[in-house]
Amino acid sequence: MTKKFWDDYLFITREMAKFLEKQDYDLFFELMRQREVVQKAIDECGDEYKTTEEGRQVLESVRCENQVIQQKVQMYLNRATQKQTISKAYDGGVVARPVGIRLDRQG
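Reading the values: rules and limits
- Residue positions are given per chain, counting from 1 as you read along its sequence in written order.
- Since the coordinates come from a predicted model, pLDDT governs what is reported: local features require at least 70, and pairs of side-chain atoms require 80 or more to be given and counted, while whole-chain, interface and lining totals use all residues.
- The basis for every side-chain value is the complete set of non-hydrogen atoms in the structure, without hydrogens or water.
- The way it works is that DSSP assigns letters per residue, a run of H or I at least four long becomes a helix, a run of E at least two long becomes a strand, and they are numbered from the N terminus.
- Using a 1.4 Å probe on the protein chains alone, a residue whose accessible area is under 20% of its type maximum counts as buried, one over 50% counts as exposed, and one in between counts as partly exposed.
- Contact definition: two residues touch when any of their heavy atoms are within 4.5 Å.
- What sets the accessible areas is the Shrake-Rupley method with a 1.4 Å probe; for residues, cover comes only from the shown protein chains.
- Salt bridge, as used here: a side-chain nitrogen of Lys or Arg that lies within 4 Å of a carboxyl oxygen of Asp or Glu.
- Buried residues of nine kinds, namely Ala, Val, Leu, Ile, Met, Phe, Trp, Tyr and Cys, make up a nonpolar core once their side-chain atoms join them within 4.5 Å.
- Classification of ring pairs uses Phe, Tyr and Trp, with its six-membered ring standing for Trp, and accepts pairs whose centres are within 6.5 Å; under 30 degrees between planes counts as stacked, over 60 as edge-to-face, and the remaining range as tilted.

Q: Explanation requested: the overall build of the protein chain in the structure shown.
A: Scanning the protein chain for helices and strands turns up three helices and zero strands. Going residue by residue from the N terminus, the α and β elements of the protein chain occur as α-α-α. A burial count over the protein chain gives 24% of its 107 residues as buried. In the protein chain, once contacts between residues fewer than 6 apart in sequence are set aside, the share between residues at least 24 apart is 74%. Surface accessibility of the protein chain: about 8500 Å² in total, with carbon and sulfur atoms responsible for 54%.

Below, the structure is given as structure tokens:
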């Protein structure tokens, strides 16, 4: 039973990477939610599977996919931060003085 859960976990993880690449963030987050459900099932099962050779290979594949996902998420966050910075620059992120302020004001 645990083998099936780990196979599902790996499959979902790979799908997460695919949809992140396609920038389908809604589906990415739905898959992440589904993966959490599978993780809870694995935790409840008592997990001897990951001590087997096949289990270690699946776990290594999951680790590799997670690294890919982390890199893609980091790239997304960097792009979002950069876009926000550019947007602020064009929006006049610096507080400007109101137009029509009197320059002949005496101190």
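Q: Help me understand the pattern of salt bridges in this model?
A: Oppositely charged side chains are able to pair whenever their charged atoms sit close together. Under the definition given, this model contains nine salt bridges. Here Glu 54 makes a salt bridge to Lys 3, at a shortest N to O gap of 3.2 Å. Pair noted here: Glu 54 is in helix α3 (residues 53–91) and Lys 3 is in helix α1 (residues 2–21), with a separation of 51 residues, a long-range link. The partly exposed category is assigned to Glu 54, whose relative accessible area is 39%. Three or more residues joined by partner-sharing salt bridges are found here, namely Lys 3, Asp 7 and Glu 54.

Q: Just to check I follow, could you spell out the nonpolar core for this structure?
A: Membership of the largest hydrophobic core comes to 19 residues, with the highest contact counts inside it found for Trp 6, Tyr 9, Met 16, Val 38, Ile 42, Val 58 and Ile 69. Of all the secondary-structure elements, those providing two or more residues to this core are α1, α2 (25–45) and α3. The element best represented in this core is α1, accounting for nine residues. Discounting chain neighbours no more than four positions away, the residues touching Val 38 are Phe 5, Asp 8, Tyr 9 and Ile 12.

Q: In this structure, what is going on with the packing of aromatic side chains? I would like to understand it.
A: We describe a pair of aromatic rings using the distance from one ring centre to the other and the angle between the two ring planes. Scanning all chains against the criterion turns up three aromatic pairs. Measuring from centroid to centroid gives 5.5 Å for Trp 6 and Tyr 9, while their planes differ by 65°, and the two rings are edge-to-face. Of this pair, Trp 6 and Tyr 9 both sit in helix α1, three residues apart, which is roughly one turn of the helix. Both residues of the pair, Trp 6 and Tyr 9, belong to the buried class. Note on Phe 28 and Phe 29: the rings are 5.2 Å apart at their centroids and 70° apart in plane angle, and the pair reads as edge-to-face.

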